[in-house]
Amino acid sequence: MSLLNDHDTAEDVSEEVLLKLWERHRDLHDDEDKVKHLANLMARNLSLNLLRQRRRHPIMRLIHWWEKEDDESSDIPEPFTPQQYVEDEETGDIVQRAMGQLPYNWRKIVEMREFEKMSYAEIAQVLGTSESSCRGMMSKARQKLLQLISKIT
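Quick caveat, the model's predicted, so the values are computed rather than measured. Residue numbers restart at each chain and count upward from 1, following the sequence in its written direction. Under the rules for a predicted model, residues below a pLDDT of 70 receive no local features and side-chain atom pairs below 80 are neither given nor counted, while totals for whole chains, interfaces and linings still include all residues. Derived side-chain values reflect all non-hydrogen atoms in the structure, with water molecules and hydrogen atoms excluded from consideration.

Draft legend 1. Focus on the overall build of the chain. Numbering of helices and strands runs from the N terminus; a helix is a DSSP stretch of H or I covering at least four residues, while a strand is a stretch of E covering at least two. In terms of helices and strands, the chain carries eight helices and zero strands. When the helices and strands of the chain are placed in sequence order, the string is α-α-α-α-α-α-α-α. Note on contacts: a residue pair qualifies if any of its non-hydrogen atoms lie within 4.5 Å across the two residues. Considering only intrachain contacts with a sequence separation of at least 6, the fraction spanning at least 24 residues in the chain is 62%. For the accessible areas, the method is Shrake-Rupley and the probe is 1.4 Å, while residue cover comes only from the protein chains on display. Of the roughly 10500 Å² that the chain leaves accessible, carbon and sulfur atoms contribute 49%.

Given below as structure tokens:
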């Protein structure tokens, strides 16, 4: 809970830890200290992996935004489950395929803005253009990306 700051997600991580511990229960030989240490380590690593995944795929905000347009009642994010993890991985693959279909300049702007966390001023400097031009290209790139994603899915 201290790493994730989300009760539902922390609960799902703890359920995943219990499942993994159960799968290894024969190897643990009822050693309470070993079980506690392993449980803490698993929970920490699963939480950190989840946080890394969220940071690694900032473009996912576009996907969730696009999905919310279809179902406006989904304001509450779904809890993290193994199935959700697999779905997120598949969604990441879809986004990567769609990114590959974007024109080069648009793809580079999306990458600089979303993955490298560059400001529009920094992007404009790299491209040798104005900040407002970058904002316009980013808007067009997002729209095109959403169209490509809807075609792939």
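Draft legend 2. View of a negative patch on the surface. A cluster of acidic side chains, namely Glu 87, Glu 89, Glu 90 and Asp 93, defines a negative patch on the protein surface. Tracing the backbone shows Glu 89 in helix 5 (residues 82–101). For Glu 89, a relative accessible area of 33% corresponds to the partly exposed category. Surface patches are defined over residues having more than 30% relative accessible area and no salt bridge, joining like charges when they lie within 9 Å and nonpolar side chains (Val, Leu, Ile, Met, Phe, Trp, Tyr) when within 5 Å. Every case where a carboxyl oxygen of Asp or Glu lies within 4 Å of a side-chain nitrogen of Lys or Arg is listed as a salt bridge. Positive: Lys, Arg. Negative: Asp, Glu. His and the chain ends are not part of the count. Charged side chains are reduced to one point each, which is NZ for Lys, CZ for Arg, CG for Asp and CD for Glu. Relative accessibility decides the category of a residue: with a 1.4 Å probe and only protein chains considered, values under 20% of the type maximum give buried, values over 50% give exposed, and everything between is partly exposed.

Draft legend 3. Molecular detail of the nonpolar core. Formed by 19 residues in total, the largest nonpolar core has its most connected members in Met 99, Leu 102, Val 110, Ile 123, Leu 145 and Ile 149. Residue contributions to this core peak at seven residues, all from helix 8 (residues 131–152). Take the buried residues of types Ala, Val, Leu, Ile, Met, Phe, Trp, Tyr and Cys, join any two whose side-chain atoms come within 4.5 Å, and each joined set is a nonpolar core. Counting residues in hydrophobic clusters, the runner-up holds eleven residues, among them Val 13, Leu 21, Leu 28 and Leu 46.

Draft legend 4. Seen up close, the environment of Thr 91. Take Thr 91: it is sitting in helix 5. Along the chain, Thr 91 and Ile 149 lie 58 residues apart, while their C-alpha atoms are 9.3 Å from each other.

Draft legend 5. Highlighting the side chain of Glu 114. Relative to the elements of secondary structure, Glu 114 occurs in helix 6 (residues 104–115). Each polar contact in these results corresponds to two N or O atoms within 3.5 Å; when the atoms are within protein, one needs to be able to donate a hydrogen and the other to accept it, and residues that are neighboring in sequence are counted only if both atoms are side-chain atoms. Engagement of the side chain of Glu 114 in a polar contact is seen with the side chain of Arg 142, the distance being 3.0 Å.

Draft legend 6. Looking closely at the environment of Tyr 120. Tracing the sequence through the fold places Tyr 120 in helix 7 (residues 120–127). Once residues lying within four places of it in the same chain are set aside, the contact partners of Tyr 120 are Arg 113, Glu 131, Cys 134, Arg 135, Met 138 and Arg 142.

Draft legend 7. Molecular detail of the packing of aromatic side chains. Each Phe, Tyr or Trp ring (for Trp, its six-membered ring) is paired with any other whose centre lies within 6.5 Å, and the angle between the two planes then decides the class: stacked below 30 degrees, edge-to-face above 60, tilted in between. For the structure on display, the rule yields zero aromatic pairs. Two limits define a charge over a ring: the Lys NZ or Arg CZ must be within 6 Å of the ring centre, and within 35 degrees of the ring normal. Its end group placed over the ring of Tyr 120, Arg 113 keeps NZ or CZ at 4.1 Å from the ring centre.

Draft legend 8. Looking closely at the pattern of salt bridges. Considering all chains together, one arrives at four salt bridges under this definition. Across the pair Glu 114 and Arg 142 runs a salt bridge, and its minimum N-O distance is 3.0 Å. Taken together, the residues span a long stretch of sequence, with Glu 114 in helix 6 and Arg 142 in helix 8 at a distance of 28 residues. Judged by relative accessible area, which is 5%, Glu 114 ranks as buried.

Draft legend 9. Here's a closer look at helix 8. Given a rise of 1.5 Å per residue, 22 residues ought to cover 32 Å, and the 31 Å separating the end C-alpha atoms of helix 8 matches this to within 8%. Inspection of helix 8 places Cys 134, Met 137, Met 138, Ala 141, Leu 145, Leu 146, Leu 148 and Ile 149 among the buried residues, and these make up the whole buried set. The span you would expect from a helix comes to 1.5 Å times its residue count less one.

Draft legend 10. Geometry of the environment of Ala 141. Note that Ala 141 resides in helix 8. Considered as a pair, Ala 141 and Val 110 are 31 residues apart in the sequence and their alpha carbons are 7.1 Å apart. With residues near it in sequence (within four places) discarded, Ala 141 still touches Leu 102, Trp 106 and Val 110.

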